[in-house]
Number of protein chains: 2
Amino acid sequence: MNEKVQFEPEALANMLSYQVRLIQIAAYKNFESRTKGFGTAPRYIGLLRIIESNPGTNQSQLAKAVCLDRSSLVPILDTLTKEGLLERRPSKKDKRLRCVFLTPQGADLLSKIQSRVEEHEKYLVEPLSQAEQETLLRLLRRVSDHVRSEDIDSGALDNVA
Amino acid sequence: MNEKVQFEPEALANMLSYQVRLIQIAAYKNFESRTKGFGTAPRYIGLLRIIESNPGTNQSQLAKAVCLDRSSLVPILDTLTKEGLLERRPSKKDKRLRCVFLTPQGADLLSKIQSRVEEHEKYLVEPLSQAEQETLLRLLRRVSDHVRSEDIDSGALDNVA
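As the structure is a prediction and not an experimental result, all values here were calculated from the model. (Residues numbered from 1 in each chain as written. Chains lettered and ligands numbered in written order. Predicted model: local features only at pLDDT ≥ 70, side-chain atom pairs only at ≥ 80, totals over all residues. Heavy atoms only, no water.)

## What about the overall build of chain A?
Rule in force here: Here a strand is any run of E in DSSP of at least two residues, a helix any run of H or I of at least four, and the numbering for each starts at the N terminus. Accessibility here uses a 1.4 Å probe with only protein chains present; expressed as a share of the type maximum, an area under 20% marks a residue as buried, one over 50% as exposed, and anything in between as partly exposed. We call two residues in contact when some of their heavy atoms are within 4.5 Å. Note on areas: Shrake-Rupley, 1.4 Å probe, and residue coverage restricted to the protein chains presented here.
Secondary structure summary: chain A contains eight helices and three strands in total. Ordered by position from the N terminus, the helices and strands of chain A form the series α-α-α-α-β-α-α-β-β-α-α. Residues counted as buried form 52% of the 161 residues belonging to chain A. Contacts spanning at least 24 positions in sequence make up 54% of the contacts within chain A whose residues lie at least 6 apart. Summing over all exposed atoms, chain A offers an accessible surface of approximately 7900 Å²; the carbon and sulfur share of this is 50%.

Quick look at the structure:
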(Lines give C-alpha, C1' and ligand atoms only; values in the text may rest on other atoms or scores of the structure.)
Protein backbone atom coordinates (compact mmCIF):
# COMPACT_ATOMS: atom_id res chain seq x y z
CA MET A 1 0.00 0.00 0.00
CA ASN A 2 1.02 3.54 -0.77
CA GLU A 3 1.60 5.68 2.33
CA LYS A 4 -0.30 8.62 0.88
CA VAL A 5 -3.35 6.56 0.08
CA GLN A 6 -3.65 5.46 3.71
CA PHE A 7 -3.22 9.11 4.67
CA GLU A 8 -6.24 10.04 2.58
CA PRO A 9 -9.68 9.73 4.18
CA GLU A 10 -11.82 7.21 2.32
CA ALA A 11 -14.46 9.87 1.65
CA LEU A 12 -11.89 11.80 -0.40
CA ALA A 13 -10.61 8.76 -2.27
CA ASN A 14 -14.18 8.22 -3.46
CA MET A 15 -14.71 11.76 -4.70
CA LEU A 16 -14.42 12.32 -8.41
CA SER A 17 -13.63 16.01 -7.89
CA TYR A 18 -10.76 15.18 -5.54
CA GLN A 19 -9.25 12.48 -7.78
CA VAL A 20 -9.43 14.78 -10.80
CA ARG A 21 -7.70 17.57 -8.89
CA LEU A 22 -4.94 15.27 -7.62
CA ILE A 23 -4.24 13.81 -11.04
CA GLN A 24 -4.22 17.29 -12.50
CA ILE A 25 -1.60 18.49 -9.98
CA ALA A 26 0.60 15.40 -10.03
CA ALA A 27 0.40 14.88 -13.78
CA TYR A 28 1.15 18.49 -14.53
CA LYS A 29 4.41 18.34 -12.59
CA ASN A 30 5.47 15.33 -14.62
CA PHE A 31 4.53 17.02 -17.89
CA GLU A 32 6.40 20.19 -16.90
CA SER A 33 9.57 18.19 -16.28
CA ARG A 34 9.28 16.63 -19.77
CA THR A 35 8.80 19.96 -21.52
CA LYS A 36 11.49 22.22 -20.10
CA GLY A 37 12.74 24.85 -22.54
CA PHE A 38 9.42 25.35 -24.31
CA GLY A 39 8.43 28.52 -22.41
CA THR A 40 4.84 28.70 -21.20
CA ALA A 41 3.46 26.76 -24.21
CA PRO A 42 3.30 23.38 -22.37
CA ARG A 43 0.86 24.87 -19.87
CA TYR A 44 -1.50 25.85 -22.70
CA ILE A 45 -1.04 23.00 -25.11
CA GLY A 46 -4.79 22.27 -25.33
CA LEU A 47 -5.54 25.88 -26.13
CA LEU A 48 -2.80 26.00 -28.79
CA ARG A 49 -4.16 22.80 -30.41
CA ILE A 50 -7.64 24.30 -30.55
CA ILE A 51 -6.24 27.43 -32.23
CA GLU A 52 -4.31 25.24 -34.66
CA SER A 53 -7.48 23.32 -35.58
CA ASN A 54 -9.62 26.47 -35.79
CA PRO A 55 -7.44 29.21 -37.29
CA GLY A 56 -9.01 32.64 -36.99
CA THR A 57 -11.38 31.69 -34.18
CA ASN A 58 -12.24 34.61 -31.94
CA GLN A 59 -11.31 35.10 -28.29
CA SER A 60 -14.84 34.49 -26.98
CA GLN A 61 -15.19 31.16 -28.78
CA LEU A 62 -11.78 30.15 -27.46
CA ALA A 63 -12.72 31.07 -23.90
CA LYS A 64 -15.79 28.84 -24.12
CA ALA A 65 -13.83 25.98 -25.61
CA VAL A 66 -11.40 25.87 -22.69
CA CYS A 67 -14.00 26.75 -20.01
CA LEU A 68 -12.33 30.02 -19.03
CA ASP A 69 -13.78 33.50 -18.66
CA ARG A 70 -12.59 35.90 -21.32
CA SER A 71 -10.88 37.95 -18.60
CA SER A 72 -8.78 34.88 -17.66
CA LEU A 73 -8.04 33.90 -21.25
CA VAL A 74 -6.84 37.28 -22.56
CA PRO A 75 -3.68 37.50 -20.37
CA ILE A 76 -2.79 33.95 -21.45
CA LEU A 77 -3.14 34.94 -25.11
CA ASP A 78 -1.05 38.04 -24.36
CA THR A 79 1.76 35.87 -22.96
CA LEU A 80 1.67 33.43 -25.87
CA THR A 81 1.68 36.39 -28.29
CA LYS A 82 4.72 37.90 -26.55
CA GLU A 83 6.49 34.54 -26.90
CA GLY A 84 5.85 34.78 -30.65
CA LEU A 85 3.48 31.81 -30.85
CA LEU A 86 0.21 33.62 -31.61
CA GLU A 87 -1.06 36.66 -33.42
CA ARG A 88 -4.45 38.39 -33.15
CA ARG A 89 -6.10 40.39 -35.93
CA PRO A 90 -9.45 42.23 -35.98
CA SER A 91 -12.20 40.22 -37.67
CA LYS A 92 -13.07 41.42 -41.18
CA LYS A 93 -16.77 40.82 -40.44
CA ASP A 94 -16.90 42.48 -37.03
CA LYS A 95 -14.05 44.79 -36.01
CA ARG A 96 -14.87 44.29 -32.32
CA LEU A 97 -13.87 40.64 -32.52
CA ARG A 98 -10.22 39.61 -32.44
CA CYS A 99 -9.31 36.52 -34.42
CA VAL A 100 -6.51 34.31 -33.17
CA PHE A 101 -3.93 32.52 -35.30
CA LEU A 102 -0.78 30.46 -34.66
CA THR A 103 2.38 32.06 -36.06
CA PRO A 104 4.74 29.82 -38.08
CA GLN A 105 6.88 29.71 -34.91
CA GLY A 106 3.85 28.56 -32.91
CA ALA A 107 3.08 25.82 -35.43
CA ASP A 108 6.72 24.74 -35.33
CA LEU A 109 6.73 24.57 -31.53
CA LEU A 110 3.56 22.46 -31.50
CA SER A 111 5.06 20.02 -33.91
CA LYS A 112 8.28 19.80 -31.85
CA ILE A 113 6.46 19.31 -28.56
CA GLN A 114 4.11 16.62 -29.88
CA SER A 115 6.33 13.64 -29.03
CA ARG A 116 6.64 14.86 -25.40
CA VAL A 117 2.86 15.20 -25.18
CA GLU A 118 2.42 11.65 -26.46
CA GLU A 119 5.02 10.26 -24.06
CA HIS A 120 3.29 11.97 -21.19
CA GLU A 121 -0.11 10.67 -22.18
CA LYS A 122 1.33 7.14 -22.46
CA TYR A 123 2.85 7.48 -19.01
CA LEU A 124 -0.48 8.57 -17.46
CA VAL A 125 -2.44 5.60 -18.75
CA GLU A 126 0.40 3.09 -18.23
CA PRO A 127 -1.35 1.19 -15.40
CA LEU A 128 -4.46 0.61 -17.54
CA SER A 129 -5.18 -1.90 -20.30
CA GLN A 130 -6.26 -0.59 -23.70
CA ALA A 131 -9.90 -1.41 -22.92
CA GLU A 132 -9.68 0.33 -19.55
CA GLN A 133 -8.16 3.41 -21.15
CA GLU A 134 -11.05 3.60 -23.57
CA THR A 135 -13.59 3.15 -20.79
CA LEU A 136 -11.95 5.83 -18.67
CA LEU A 137 -11.91 8.33 -21.52
CA ARG A 138 -15.48 7.58 -22.54
CA LEU A 139 -16.74 8.12 -18.98
CA LEU A 140 -14.65 11.27 -18.49
CA ARG A 141 -15.91 12.74 -21.76
CA ARG A 142 -19.48 12.22 -20.57
CA VAL A 143 -18.67 14.05 -17.33
CA SER A 144 -16.85 16.83 -19.16
CA ASP A 145 -19.68 17.30 -21.70
CA HIS A 146 -22.08 17.44 -18.76
CA VAL A 147 -20.19 20.08 -16.77
CA ARG A 148 -19.53 22.16 -19.86
CA SER A 149 -23.12 22.17 -21.08
CA GLU A 150 -24.21 23.23 -17.58
CA ASP A 151 -21.87 26.19 -17.84
CA ILE A 152 -23.73 27.45 -20.89
CA ASP A 153 -27.20 26.78 -19.50
CA SER A 154 -26.49 28.59 -16.27
CA GLY A 155 -25.27 31.66 -18.12
CA ALA A 156 -21.94 31.45 -16.32
CA LEU A 157 -20.23 32.31 -19.59
CA ASP A 158 -22.53 35.19 -20.55
CA ASN A 159 -19.77 37.69 -20.01
CA VAL A 160 -17.54 36.25 -22.74
CA ALA A 161 -19.64 37.47 -25.68
CA MET B 1 -23.92 17.54 -30.55
CA ASN B 2 -22.38 20.15 -28.30
CA GLU B 3 -20.86 23.08 -30.21
CA LYS B 4 -17.73 23.04 -28.07
CA VAL B 5 -17.10 19.38 -28.59
CA GLN B 6 -17.04 19.82 -32.35
CA PHE B 7 -14.66 22.70 -31.78
CA GLU B 8 -12.22 20.40 -30.01
CA PRO B 9 -9.76 18.45 -32.17
CA GLU B 10 -10.30 14.70 -31.80
CA ALA B 11 -6.73 14.25 -30.61
CA LEU B 12 -7.53 16.40 -27.57
CA ALA B 13 -10.84 14.72 -26.85
CA ASN B 14 -8.90 11.46 -26.57
CA MET B 15 -6.27 12.77 -24.17
CA LEU B 16 -6.71 11.89 -20.54
CA SER B 17 -4.62 14.87 -19.46
CA TYR B 18 -6.83 17.26 -21.42
CA GLN B 19 -10.13 15.81 -20.18
CA VAL B 20 -8.90 15.93 -16.58
CA ARG B 21 -7.87 19.55 -16.98
CA LEU B 22 -11.20 20.57 -18.54
CA ILE B 23 -13.26 18.84 -15.88
CA GLN B 24 -11.10 20.42 -13.22
CA ILE B 25 -11.68 23.93 -14.62
CA ALA B 26 -15.39 23.56 -15.39
CA ALA B 27 -16.24 21.65 -12.22
CA TYR B 28 -14.38 24.09 -10.03
CA LYS B 29 -16.45 27.02 -11.30
CA ASN B 30 -19.60 25.14 -10.45
CA PHE B 31 -18.31 24.25 -6.99
CA GLU B 32 -17.28 27.86 -6.36
CA SER B 33 -20.79 29.10 -7.17
CA ARG B 34 -22.23 26.59 -4.67
CA THR B 35 -19.90 27.63 -1.86
CA LYS B 36 -19.96 31.41 -1.84
CA GLY B 37 -19.45 32.94 1.60
CA PHE B 38 -17.07 30.26 2.87
CA GLY B 39 -13.86 32.24 2.20
CA THR B 40 -11.00 30.30 0.58
CA ALA B 41 -11.89 27.01 2.33
CA PRO B 42 -13.81 25.55 -0.65
CA ARG B 43 -10.65 25.71 -2.74
CA TYR B 44 -8.79 23.59 -0.19
CA ILE B 45 -11.49 21.25 0.98
CA GLY B 46 -9.40 18.13 0.28
CA LEU B 47 -6.50 19.51 2.27
CA LEU B 48 -8.80 20.45 5.17
CA ARG B 49 -10.32 16.96 5.17
CA ILE B 50 -6.85 15.41 5.33
CA ILE B 51 -5.96 17.62 8.29
CA GLU B 52 -9.26 16.70 9.96
CA SER B 53 -8.49 12.98 9.53
CA ASN B 54 -4.85 13.34 10.59
CA PRO B 55 -4.74 15.93 13.38
CA GLY B 56 -1.20 17.06 14.17
CA THR B 57 0.27 15.91 10.87
CA ASN B 58 3.27 17.97 9.81
CA GLN B 59 3.55 20.32 6.85
CA SER B 60 5.83 17.99 4.85
CA GLN B 61 3.48 15.04 5.13
CA LEU B 62 0.61 17.28 4.09
CA ALA B 63 2.50 18.56 1.07
CA LYS B 64 3.08 14.99 -0.09
CA ALA B 65 -0.53 14.04 0.47
CA VAL B 66 -1.80 16.76 -1.83
CA CYS B 67 1.07 16.54 -4.35
CA LEU B 68 2.33 20.06 -3.70
CA ASP B 69 5.81 21.33 -2.92
CA ARG B 70 6.20 22.57 0.62
CA SER B 71 6.85 26.05 -0.78
CA SER B 72 3.43 26.01 -2.47
CA LEU B 73 1.64 24.54 0.52
CA VAL B 74 2.90 26.93 3.22
CA PRO B 75 1.21 30.09 1.83
CA ILE B 76 -2.06 28.13 1.59
CA LEU B 77 -1.74 27.08 5.23
CA ASP B 78 -0.94 30.72 6.09
CA THR B 79 -4.18 31.88 4.46
CA LEU B 80 -6.30 29.20 6.13
CA THR B 81 -4.66 30.09 9.48
CA LYS B 82 -5.45 33.79 8.98
CA GLU B 83 -9.07 32.83 8.28
CA GLY B 84 -9.10 31.09 11.68
CA LEU B 85 -9.52 27.56 10.33
CA LEU B 86 -6.09 26.10 11.18
CA GLU B 87 -3.41 26.39 13.78
CA ARG B 88 0.21 25.21 13.68
CA ARG B 89 2.30 24.22 16.70
CA PRO B 90 5.91 23.01 16.89
CA SER B 91 6.18 19.21 17.21
CA LYS B 92 7.06 18.00 20.71
CA LYS B 93 9.36 15.36 19.21
CA ASP B 94 11.17 17.58 16.73
CA LYS B 95 10.94 21.36 17.15
CA ARG B 96 11.77 21.90 13.46
CA LEU B 97 8.49 20.29 12.43
CA ARG B 98 5.23 22.22 12.56
CA CYS B 99 2.11 20.21 13.29
CA VAL B 100 -1.17 21.30 11.75
CA PHE B 101 -4.57 21.15 13.43
CA LEU B 102 -8.09 22.32 12.57
CA THR B 103 -9.44 24.95 14.97
CA PRO B 104 -13.00 24.45 16.33
CA GLN B 105 -14.05 27.08 13.77
CA GLY B 106 -12.37 25.05 11.00
CA ALA B 107 -14.15 21.87 12.11
CA ASP B 108 -17.43 23.76 12.20
CA LEU B 109 -16.93 25.14 8.68
CA LEU B 110 -16.14 21.66 7.32
CA SER B 111 -19.29 20.30 8.81
CA LYS B 112 -21.38 23.18 7.38
CA ILE B 113 -19.87 22.88 3.91
CA GLN B 114 -20.30 19.11 3.69
CA SER B 115 -23.78 19.16 2.14
CA ARG B 116 -22.56 21.48 -0.66
CA VAL B 117 -19.63 19.18 -1.34
CA GLU B 118 -21.99 16.22 -1.61
CA GLU B 119 -24.39 18.09 -3.90
CA HIS B 120 -21.48 19.05 -6.13
CA GLU B 121 -20.18 15.51 -6.29
CA LYS B 122 -23.67 14.24 -7.16
CA TYR B 123 -23.94 16.84 -9.91
CA LEU B 124 -20.60 15.80 -11.43
CA VAL B 125 -21.49 12.13 -11.74
CA GLU B 126 -25.14 12.77 -12.70
CA PRO B 127 -24.77 11.49 -16.28
CA LEU B 128 -23.33 8.16 -15.10
CA SER B 129 -25.02 5.07 -13.68
CA GLN B 130 -23.93 3.81 -10.24
CA ALA B 131 -21.82 1.08 -11.88
CA GLU B 132 -20.20 3.60 -14.25
CA GLN B 133 -19.40 5.92 -11.34
CA GLU B 134 -17.64 3.09 -9.55
CA THR B 135 -15.72 2.12 -12.67
CA LEU B 136 -14.64 5.70 -13.30
CA LEU B 137 -13.42 6.17 -9.73
CA ARG B 138 -11.61 2.85 -9.69
CA LEU B 139 -9.75 3.67 -12.94
CA LEU B 140 -8.95 7.24 -11.82
CA ARG B 141 -7.58 5.99 -8.49
CA ARG B 142 -5.25 3.66 -10.36
CA VAL B 143 -4.01 6.57 -12.46
CA SER B 144 -3.66 8.83 -9.42
CA ASP B 145 -1.78 6.17 -7.41
CA HIS B 146 0.49 5.72 -10.42
CA VAL B 147 1.33 9.40 -10.91
CA ARG B 148 1.79 9.96 -7.20
CA SER B 149 4.10 6.99 -6.66
CA GLU B 150 6.20 8.23 -9.58
CA ASP B 151 6.56 11.55 -7.80
CA ILE B 152 8.19 9.84 -4.85
CA ASP B 153 10.42 7.56 -6.90
CA SER B 154 11.73 10.40 -9.00
CA GLY B 155 12.69 12.40 -5.94
CA ALA B 156 10.51 15.27 -7.13
CA LEU B 157 9.41 15.76 -3.54
CA ASP B 158 12.88 15.58 -1.97
CA ASN B 159 12.73 19.24 -1.05
CA VAL B 160 9.71 18.83 1.21
CA ALA B 161 11.54 17.19 4.14
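## Some details on unusual backbone geometry
With glycine set apart, most residues show a phi of negative sign, and most peptide bonds adopt trans. Its identity as a non-glycine residue notwithstanding, A:Cys67 has a phi of 60°, on the positive side. With relative accessibility at 1%, the residue A:Cys67 sits in the buried group.

## Describing the nonpolar core
How we decide: Throughout, nonpolar core names a set of buried Ala, Val, Leu, Ile, Met, Phe, Trp, Tyr and Cys residues whose side chains join them through atoms within 4.5 Å.
Within the largest apolar cluster, 94 residues are counted, with the highest numbers of intra-cluster contacts made by A:Leu47, A:Leu62, A:Leu136, B:Leu47, B:Leu62 and B:Leu136. In this structure B:Leu136 touches A:Leu16, A:Leu136, A:Leu139, A:Leu140, A:Val143 and B:Leu128, once residues within four positions along its chain are discounted.

## So, the interface of chain A and chain B
Stated formally: Note on definitions: buried area is the accessible-area loss of two parts on being combined, 1.4 Å probe, summed for both. Between N or O atoms, a polar contact is any pair within 3.5 Å; within protein, one atom must be a potential hydrogen donor and the other a potential acceptor, and residues adjacent in sequence are included only when both atoms are from side chains.
Taken together, the 66 residues of chain A in the interface contact 66 residues of chain B. Summed over both sides, the interface of chain A with chain B buries roughly 6500 Å², with 67% coming from carbon and sulfur. Taken together, chain A and chain B are joined by 20 residue pairs in polar contact (both at pLDDT 80 or more). For the side of chain A that touches chain B, the secondary structure elements donating two or more residues are helix H1 (3-7), helix H2 (10-13), helix H3 (16-34), helix H4 (45-53), helix H5 (59-65), helix H7 (104-125) and helix H8 (130-153) of chain A. With 19 residues, the top contributor of residues to the side of chain A that touches chain B is H8(A).

## What about the environment of B:Phe7?
Relative to the helices and strands, B:Phe7 resides in helix H1 (residues 3-7). Along the primary structure B:Phe7 and B:Asp94 are separated by 87 residues, whereas in three dimensions their C-alpha atoms are 55 Å apart. Those residues within four positions of B:Phe7 in sequence are excluded, and the remaining contacts are A:Ile50, A:Asn54, A:Thr57, A:Gln61, A:Leu62 and A:Ala65.

## A few points about the sheet that holds strand S2 (residues 86-90) of chain A
All names here are of chain A. Inclusion rule: A pair of strands is considered paired only if DSSP assigns at least 2 bridges between the two. Angles here are taken between N-to-C directions and fall from 0 to 180 degrees, while the axes themselves are lines fitted to C-alpha atoms, restricted in helices to the stretch in contact.
On the basis of which strands lie adjacent, the open sheet formed by three strands has the order S1-S3-S2 and antiparallel pairing. Looking at the sheet topology across the chains shown, the edges are occupied by strand S1 (57-58) and S2. Strand direction decides the pairing type here: S2 and strand S3 (residues 98-102), joined by five bridges, are antiparallel. Within S3, the position partnered with Leu86 by the bridge is Leu102. Of the strands in this sheet, S2 and S3 are in contact with H4, which crosses S3 at around 100°. The sheet strands contacting helix H6 (residues 70-82) are S2 and S3, and the helix crosses S2 at an angle near 115°.

## A look at the relation of the copies chain A and chain B
Rules: When the copies are overlaid, the least-squares fit takes in C-alpha atoms only where the residue has pLDDT of at least 70 in both copies.
When chain A is fitted to chain B, the best match, at an RMSD of 0.0 Å, comes from turning it 180° and sliding it 0.0 Å along the axis. Interpreted geometrically, this transformation is the action of a two-fold axis. A share of 100% of the interface residues of chain A reappears at the interface of chain B, consistent with the copies meeting face to face through the same patch.

## A short note on the packing of aromatic side chains
Note the cut-off: Ring pairs are drawn from Phe, Tyr and Trp, using the six-membered ring of Trp, whenever the two centres fall within 6.5 Å, and their geometry is named by plane angle: stacked under 30 degrees, edge-to-face over 60, tilted for the rest. Lysine and arginine charges are scored as sitting over a ring when NZ or CZ, respectively, is within 6 Å of the ring centre and within 35 degrees of the ring normal.
One pass over the full model with this rule turns up zero aromatic pairs over all chains. Over the ring of A:Phe101 we find A:Arg89, and its NZ or CZ is 4.0 Å from the ring centre.

## Thoughts on the packing of H4(A) against H6(A)
All names here are of chain A. Stated precisely, the cut-off is as follows: Angles below 35 degrees are treated as roughly parallel, those above 145 as roughly antiparallel, those between 65 and 115 as roughly perpendicular, and all remaining angles as oblique. The nonpolar class holds Ala, Val, Leu, Ile, Met, Phe, Trp, Tyr, Cys and Pro. Asp, Glu, Lys and Arg form the charged class, and all remaining residues, Gly among them, are polar.
Two numbers describe how H4 lies on H6: the axes approach to 12 Å, and their chain directions differ by 80°. Looking at the two axes, H4 sits roughly perpendicular to H6. Along the contact surface, H4 presents Leu47, Leu48 and Ile51, while H6 presents Leu73, Ile76, Leu77 and Leu80. For the contact of H4 with H6, the per-class residue count stands at seven nonpolar, no polar and no charged.

## Concerning the sheet that holds strand S1 (residues 57-58) of chain B
All names here are of chain B. Strand order in this open sheet of three strands is S1-S3-S2, and the pairing throughout is antiparallel. A strand with exactly one partner marks an edge of an open sheet, and here the two such strands are S1 and strand S2 (86-90). Helix-sheet contacts for helix H4 (residues 45-53) involve S2 and strand S3 (98-102), and the interaxial angle to S3 is about 100°. Of the strands in this sheet, S2 and S3 touch helix H6 (residues 70-82), which is tilted by about 115° from S2.

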